[in-house]
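# Observations on chain architecture
The lines below spell out each chain.
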Amino acid sequence: MDWLAGAWAVFRKDLRIELRTRYALNALLLFALGALLLILFAVGPQPIPTRVQSAFLWMVILFAAAVGLGRSFVAEERDGTALLLRLNTRPSMVFAGKLLFNLVLVGSLGMVSTGALLLLLDVSVARPGLLAAVLGMGVLGLAVATTLLGALVARAARRGALLPVLLLPLLTPLLVSSVSATQKAIRGLPWAQAQDELLTLVGFVGATLSAATLLFDYVWAE
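Residues numbered from 1 in each chain as written. Predicted model: local features only at pLDDT ≥ 70, side-chain atom pairs only at ≥ 80, totals over all residues. Heavy atoms only, no water.

## A word on the environment of alanine 211
- Along the chain, alanine 211 turns up in helix H10 (residues 195-221).
- Alanine 211 sits 66 residues away from alanine 145 along the chain, and the two C-alpha atoms are 9.5 Å apart. (Helix = DSSP H or I, 4+ residues; strand = E, 2+ residues; numbered from the N terminus.)

## Some remarks on helix H1 (residues 3-21)
- Relative to the 27 Å expected for 19 residues at 1.5 Å per residue, H1 spans 27 Å between its end C-alpha atoms, a close match to the ideal helical length.
- Those residues of H1 not exposed but buried are Gly6, Ala7, Val10, Phe11, Asp14 and Glu18. Taken down its axis, H1 places every buried residue within 135° of arc, on the same side. Opposite the buried face of H1, at more than 90 degrees from it, the exposed residues are Leu4, Arg16, Leu19 and Arg20.
- Its side-chain oxygen 3.2 Å from the backbone nitrogen of leucine 4, aspartate 2 forms the N-cap of H1.
- Taken from the residues just after H1, arginine 22 is the one with a positive phi, measuring 55°. (Expected span 1.5 Å × (residues − 1). Buried < 20%, exposed > 50% of the residue type's maximum accessible area, 1.4 Å probe, protein only. Arc of directions from axis to C-beta. Polar contact = N/O pair within 3.5 Å; in protein donor to acceptor, adjacent residues only side chain to side chain.)

## Notes on the environment of leucine 131
- Secondary-structure assignment places leucine 131 in helix H7 (residues 128-154).
- For leucine 131, a relative accessible area of 7% translates into the label buried.
- Separated by 53 residues in the primary sequence, leucine 131 and lysine 184 have C-alpha atoms spaced 8.5 Å apart.
- With sequence-adjacent residues up to four places away left out, leucine 131 is seen in contact with Thr114, Val125, Thr182 and Ala185. (Contact = heavy atoms within 4.5 Å.)

## What about the confidence of the model for the protein chain?
- Residues at a pLDDT of 70 or more form 89% of the protein chain, whose mean pLDDT is 81.
- Confidence, expressed as mean pLDDT per element, reaches its minimum in the protein chain at helix H8 (residues 159-170) with 60 and its maximum at helix H9 (residues 172-187) with 91. (pLDDT = per-residue confidence, 0-100.)

## Considering the packing of aromatic side chains
- In total, this model carries two aromatic pairs according to the counting rule given.
- Between tryptophan 8 and phenylalanine 11, the ring centres sit 5.0 Å apart and the planes meet at 40°, which makes this aromatic pair tilted. Here tryptophan 8 and its partner phenylalanine 11 are both found in helix H1, three residues apart, which amounts to about one turn of the helix.
- Judged by its relative accessible area of 45%, tryptophan 8 is partly exposed.
- Consider the rings of phenylalanine 95 and phenylalanine 216, whose centres lie 5.3 Å apart with planes at 50°: the pair is tilted. Residue phenylalanine 95 is located in helix H6 (residues 91-120), and its partner phenylalanine 216 is located in helix H10; the two are separated by 121 residues in the primary sequence. (Phe/Tyr/Trp six-rings, centres within 6.5 Å; stacked < 30°, edge-to-face > 60°.)

Here is the structure:
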């Protein structure tokens, strides 16, 4: 099977299942919007520092992704379709297809969460281009890490609780840089002042993608 066709087939399969069941999408959106409403209720009408606003946003995206995105590989193992994928596709096809599916879900979650946060907390972003760049790299890094760890968790005995536990220490550099750069985007600081955070995000995405590409064959074949 052609590599692109195989990866696209894995993506389309997951997308069809998700459009039919809407399990992950509903879980992600419910958690994200519920968390944002609780944040709004807790803080009340008083102004919130931009760093706290940024932390709220990435906290919601992180934990919503951890709740919903580990299910894909678990469902493959539970339903017995993982063996069919191993027989008919190469591991790199499975990784690429699952990564694209997770990227679509996390990207949608990021857009909805950001729009809801800006609206509910009445936040104006002085540099939307910088915010878009930070969200794009942060979402990509989160999708890559979630895809690899989702495959690892699916092979473990206690599946549900492992993904958030494994994600948090792995994603600490991404979260710290994303929160700092998001704060600078909201405040309207120049791109140059967010250079360190952007370079950290680019390096994190590159390192995580390289590691996932090398390790996925072993994790998937185990």
